[in-house]
Amino acid sequence: MQALPGFRDFYPEDCARRNHIVAIWRGVAKRYGFVEFDGPVLESTDLYRKKNEEGAEILEQLYSFADRGGREVALRPEMTPTLARMVAAREKHYRKPMKWFCVSNFFRHERQQKGRLREFLQFNADIIGESSSQADAETIALAIDLMRAFGFTAENFVVRLSDRKAWMDFLSSRGCDESASRIALACADKLEREPEEKLNAKLASTELTVADLKAFIAGGSPEAFAPVLEALAARGLTGFVQPDLSIVRGLAYYTGVVFEIFDRSKNLRALAGGGRYDGLIKGLSDGSVDLPAIGFGMGDVVLGHLIDETPAAAAQLQSALAASCDAYVIIADESKRTEALHIVQSCRELGLATDFPLKSAKIGKQFQEAEHLGAHHAIVVGQEWPLVKLKHLPTRTEEALDHSALASKLKAYKLNS
Ligand code: HAM
């Protein structure tokens, strides 16, 4: 039997890869002063129905079902509605702005394609309670610095920056009501992925055509981006950003600045996406809590593809994956197993990653295993006890010493390396 399509098994090497990605996400988010939160995997389906029109892509992709108590529930497809629900329930407990991040798994019944799975890991970072462009820039700067922490440069990725408000102003100036605007935005979101005739057919009820949408995009809207670009320029980050109104985002709740991150060669789907959503918390709390918010999500799937395709990022991943075994205890004489176990235990208590053979084996085989694990040292326990041999495997140098001096010697070595 295999895992379901779009779901992944995580073998140890996959887990090591995932841990590398998660460690970078967490490290950079903390550097930016974000604190971690999480929510439940299962939510009431109503949480997603409330702010989305019937037929919205995110609803079509829900893993939803009735639970044993007959409740309509869904596996979370994204974090933002959960975050909005949690914030609305307890916002008084927290000083504003709230800078929260999470690393969680999400589920979407997506069409199978490169970069899109049905279960994926996503980093989210959101700033709640601050409506200024400073918060927009802080969020985008975090997204850029995450990418840089993986070893990517401006040659590898670009943040495409847009503005939903500029779009809404344009659409209302062209006589679009709410429903026509929704159709137009959905078509703008698909301009790069669906044929023009198909989109024009969808636009028929709006009095707009693909050509109108493209003309608006080509016109740009420099005034909309000026404050954010200025705050990014002060950080020296403008080289990573490109204003581009063709980004509208697929999700309905965005109200202002929106952005997506793409690989420069445009071979892959978006690596990250987000924007300002000033009405969601109010909408989900039926008006009782009104807080502006901005944030983004970055998934692990496309990121993994780009890491593999980018030599500097791939090399960084490889060195993070290198096995971390400090010492391998070689039992050269099986009658000394008890003494060897004593050494294993004291090394581990000193915090050294230590391994040894669980059953009797030829010395050559044990050395092979030590090499395979990438051990820095082999400790040979045999007839010479209480003397043991300490062998530094990368340089093949060795010395004989009393076993009582061993652990502290290894510890000093680890601290200095
Ligand atoms: P999203 O654009 O739907 O936004 O997802 C953000 C990122 O999650 C994508 O750019 C992609 O890297 C990853 N992702 C999404 N779907 C899949 C999938 N099926 N397989 C693999 N990766 C995927 C959101 O989810 C918003 N809630 C982000 C946000 C946070 N907006 C404000 N705050």
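Bear in mind that the values here come from a model prediction, so they are computed numbers and not experimental data.

Peer 1: I would appreciate a short explanation of the pattern of salt bridges in the present structure.
Peer 2: A pair can form between side chains of opposite charge whenever their charged atoms are brought close. With the rule as written, the count across this model stands at 31 salt bridges. The salt bridge involving aspartate 300 is made with arginine 8; its shortest N-O contact spans 3.0 Å. With aspartate 300 in helix 12 (residues 300-309) and arginine 8 in the segment before helix 1 (12-31), the pair connects residues that are 292 residues apart, well separated along the chain. The exposure class of arginine 8 is partly exposed, given its relative accessible area of 29%.

Peer 1: Sorry, what's going on with the packing of helix 7 (residues 178-189) against helix 8 (residues 196-203) here?
Peer 2: The description of two packed helices rests on the angle between their axes and on the distance between the axes. Closest axis-to-axis distance for the helix 7/helix 8 pair is 9 Å, and the angle between their directions is 170°. Accordingly, the angle class assigned to the pair helix 7 and helix 8 is roughly antiparallel. Residues Ile183, Ala184 and Cys187 of helix 7 touch helix 8, and the partners they reach there are Leu199, Lys202 and Leu203. Grouping the amino acids of the contact of helix 7 with helix 8 by side-chain chemistry returns five nonpolar, no polar and one charged.

Peer 1: Got a minute to help me understand the sheet that holds strand 15 (residues 387-392) in this structure?
Peer 2: In a beta sheet, neighbouring strands are held together by backbone hydrogen bonds and run either parallel or antiparallel to one another. Taken in spatial order, the five strands of this open sheet run 13-12-14-15-16, and their pairing is mixed. On the outer flanks of this sheet lie strand 13 (354-355) and strand 16 (397-402), each paired with one strand and no other. Bridge analysis of strand 14 (residues 377-381) against strand 15 gives four bridges, and the strand direction is antiparallel. In the sheet register, histidine 377 faces strand 15, and the bridge partner there is histidine 392.

Peer 1: Quick question: what am I supposed to make of the packing of helix 8 against helix 9 (residues 210-219) here?
Peer 2: Remark: helix 8 packs on helix 9, axes separated minimally by 9 Å, with the N-to-C direction vectors making an angle of 100°. When the axes of helix 8 and helix 9 are compared, the pair comes out roughly perpendicular. Between helix 8 and helix 9, the contacting residues are Glu196, Leu199, Asn200 and Leu203 on the first element and Val210, Leu213 and Lys214 on the second. The residue inventory of the contact of helix 8 with helix 9, partitioned by class, reads four nonpolar, one polar and two charged.

Cut-offs used in this document
Residues numbered from 1 in each chain as written. Predicted model: local features only at pLDDT ≥ 70, side-chain atom pairs only at ≥ 80, totals over all residues. Heavy atoms only, no water. Salt bridge = Lys/Arg side-chain N within 4 Å of Asp/Glu carboxyl O. Helix = DSSP H or I, 4+ residues; strand = E, 2+ residues; numbered from the N terminus. Buried < 20%, exposed > 50% of the residue type's maximum accessible area, 1.4 Å probe, protein only. Axes fitted to C-alpha atoms, helices over the stretch in contact; angles between N-to-C directions. Parallel < 35°, antiparallel > 145°, perpendicular 65-115°, else oblique. Contact = heavy atoms within 4.5 Å. Nonpolar A, V, L, I, M, F, W, Y, C, P; charged D, E, K, R; others polar. Pairing = 2+ DSSP bridges.

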